[in-house]
Number of protein chains: 2
Amino acid sequence: MVPLNQWIKIKAPATVANMVCGFDILGFAVNNPYDEMEMRLVNRAAGQASITIINIDDYNLPTDPEKNVAGAALLAMIEEYTANSIIEKSFADDATQTGLVDFSTIGFEVKINKLIKPGSGVGSSAASSAGAVVGANYLLGNPFTKDDLVRFAMNGEKVASGVKHADNIAPCIHGGVTLVRSIFPLEVIALPSPTLFVTIVHPQIEVRTADARSILKQNVQLKDAIKQWGNIAGLVAGLMKGDYDLIGRSLEDVIIEPVRSILIPGFDDLKKACKAAGALGGGISGSGPSIFFLSKEKETAIAVEKEMKKLYEGLELAHHTYVTTINQTGVEIEA
Amino acid sequence: MVPLNQWIKIKAPATVANMVCGFDILGFAVNNPYDEMEMRLVNRAAGQASITIINIDDYNLPTDPEKNVAGAALLAMIEEYTANSIIEKSFADDATQTGLVDFSTIGFEVKINKLIKPGSGVGSSAASSAGAVVGANYLLGNPFTKDDLVRFAMNGEKVASGVKHADNIAPCIHGGVTLVRSIFPLEVIALPSPTLFVTIVHPQIEVRTADARSILKQNVQLKDAIKQWGNIAGLVAGLMKGDYDLIGRSLEDVIIEPVRSILIPGFDDLKKACKAAGALGGGISGSGPSIFFLSKEKETAIAVEKEMKKLYEGLELAHHTYVTTINQTGVEIEA
């Protein structure tokens, strides 16, 4: 356990959910951008909340713990920590643990510096939720497993988008490429992947996750579903075999992208240009508006970035770009 | 090239298509049952067909090459062999080739001893088609790739069921577990797998592939499709990681099995009994009526077989069972 009042620093990576064909099941973490957070345990006066959120960025996100994604995730964690069953499970067999934290007199202070713009579609809310629970777990002496932490952090996603999904949370906590095979019960599988360069463009338009979800058709044609699961199987096999061409061929989405891409200006032209520049493939990051493309070589990823800038400059649409790699560690703590 | 009139022997394995969650994309070959075939090149008189089918079993399958699955596959192969482009592609750069076969004066004789009962749902037609083209390719000095052979053999599947599908042909020719990521253009991916024991029961009822296809719904709910692709991704990852528990958890089909299983007496009870006996999982083989279950240990596979026999004896339904393993070689030639 980390002593009271001692700050720890946290780095929570951005994540790309869906990975084109793997809607709601696949995702990966990237090394840039990332959120910076600081956390500590403090004594609190009676009546004071168990979680104090301090925003040190300019996004004016809610500081009420129940309305803040990091707060909601931490509340779920405190609840389970305080329940007897978990206390016994976690500490009983670990003699190095110095004691239990009594959350009636102790609380978390959380400083959040969001460098991942909210609403960008690269897991901004997931980074806050995941960073908070990984940080809290470290402060408490790591009583919880990564799967526990994913479960807690999903409460943050519910605050952000109304749905407890794990496709950003899982890679943010585990790092690398993750498969969420099942949500209830939660099952996250780490998928090995070869070195991949990631180019991301965030056109500065708003696509609300709830809206992007509501325009999806609730039924799909069986023949399209078969094509999609061929691609998903191909992508998993390609990642695990390190077969770049197979990864590229499998990065095709016949179900979600045709519907959602209409919300993103220039999507079809951008896709053509990025593939022509040598990208293996790519598509909408999460529910957008960010778009990502994967490349085998760094030079290709930079060429892809140039195409992205050219296109959005042509459309006179403000945008940010990133050239980065897959983050293999997930949320990191600097004590 | 094998000299005229010299017989070769062929062993063509049974195959299990779909592999529960991988409808139309996954399949694997088994070591038992298998078809036995013999083939040779012979001089033929003018007017005589280029393919002579000799059935040495009692199934009275058609011997007209266009109506026989092996014949249809061979006709597609001869057509492409005779086309100049393929002759140049295949022989031009291989000095060991002794010459081209002129199919206006030479033909194939094919003896087929079907040990895989037609209509059993374990790739009986695929074994004949695949066995024939692998045998023919060997006789001709192997001018064609395995992907070519899969394409030719799919013509046999069209004769058998009206649809050019590759989910039995691909594992029959490649061996092991295969993923057909795409049919047009054809892309078959070999998936590594750990040692798995396979128990198969063939209840002696008729389920026509065309009927089993026609009862499927043409639309599926997006939420079911997502569950299915989580399982497919989990199954591929489980096979490649050698993670038996993950394989077991992923062998779940929420789309096809609920519809097709109504055609198979005792299916639900059988599934419960096989899982209770320790099987990792299983389901309908292809379009049925055969049912397969996978086990980690041979003893479990035998216990599963006992449950299958018990159930179908109870239902007074004639049946065959097999306890076998995944065949890793595909069609074999004994020259």
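Residues numbered from 1 in each chain as written. Chains lettered and ligands numbered in written order. Predicted model: local features only at pLDDT ≥ 70, side-chain atom pairs only at ≥ 80, totals over all residues. Heavy atoms only, no water.

1. Focus: the domain arrangement of chain A
Residue and element names in this part refer to chain A.
Line of reasoning, step 1. Structurally, chain A comprises domain 1 (8-191) and domain 2 (197-325).
Line of reasoning, step 2. Here domain 1 and domain 2 have C-alpha centroids that lie 27 Å from each other.
Line of reasoning, step 3. Facing 28 residues of domain 1, the contacting portion of domain 2 comprises 34 residues.
Line of reasoning, step 4. Summed over both partners, the interface of domain 1 with domain 2 buries about 2400 Å², with 66% contributed by carbon and sulfur atoms. (Domains from an automatic or database assignment. Contact = heavy atoms within 4.5 Å. Buried area = accessible area lost by both parts, 1.4 Å probe.)

2. Points about the pattern of salt bridges
Residues and elements named next belong to chain A.
Line of reasoning, step 1. Under the defined criterion, the tally for this structure stands at 20 salt bridges over all chains.
Line of reasoning, step 2. Among the ionic pairs, R151 bridges to D148, the shortest N-O distance being 2.8 Å. Within this pair, R151 and its partner D148 are both found in helix α4 (residues 146-161), separated by 3 residues, close to a single helical turn.
Line of reasoning, step 3. Classification of R151 by relative accessible area gives partly exposed; the value is 32%.
Line of reasoning, step 4. On the basis of relative accessible area, D148 is assigned to the buried category, the value being 7%. (Salt bridge = Lys/Arg side-chain N within 4 Å of Asp/Glu carboxyl O. Helix = DSSP H or I, 4+ residues; strand = E, 2+ residues; numbered from the N terminus. Buried < 20%, exposed > 50% of the residue type's maximum accessible area, 1.4 Å probe, protein only.)

3. Quick word on the relation of the copies chain B and chain A
Line of reasoning, step 1. If you rotate chain B by 180 degrees and push it 0.0 Å along the axis, it lands on chain A with an RMSD of 0.0 Å. On this basis, the relationship between the two copies can be described by a two-fold rotation axis.
Line of reasoning, step 2. Here 97% of the interface residues in chain B have copies in chain A that are interface residues too; the copies meet face to matching face. (Least-squares fit on C-alpha atoms with pLDDT ≥ 70 in both.)

4. Topic: the pairing of strand β2 (residues 26-43) of chain A
Residues and elements named next belong to chain A.
Line of reasoning, step 1. With 9 bridges connecting them, strand β1 (residues 8-17) and β2 associate as antiparallel partners. The residue bridging I10 from the neighbouring strand is M37, located in β2.
Line of reasoning, step 2. The pairing of β2 with strand β5 (residues 177-182) spans 3 bridges and is classified as antiparallel. Paired with G27 across the two strands is T178, which belongs to β5.
Line of reasoning, step 3. Bridge count between β2 and strand β4 (residues 106-113): 8 bridges; the pairing is antiparallel. From the neighbouring strand, L41 faces β4, where its bridge partner is F108. (Pairing = 2+ DSSP bridges.)

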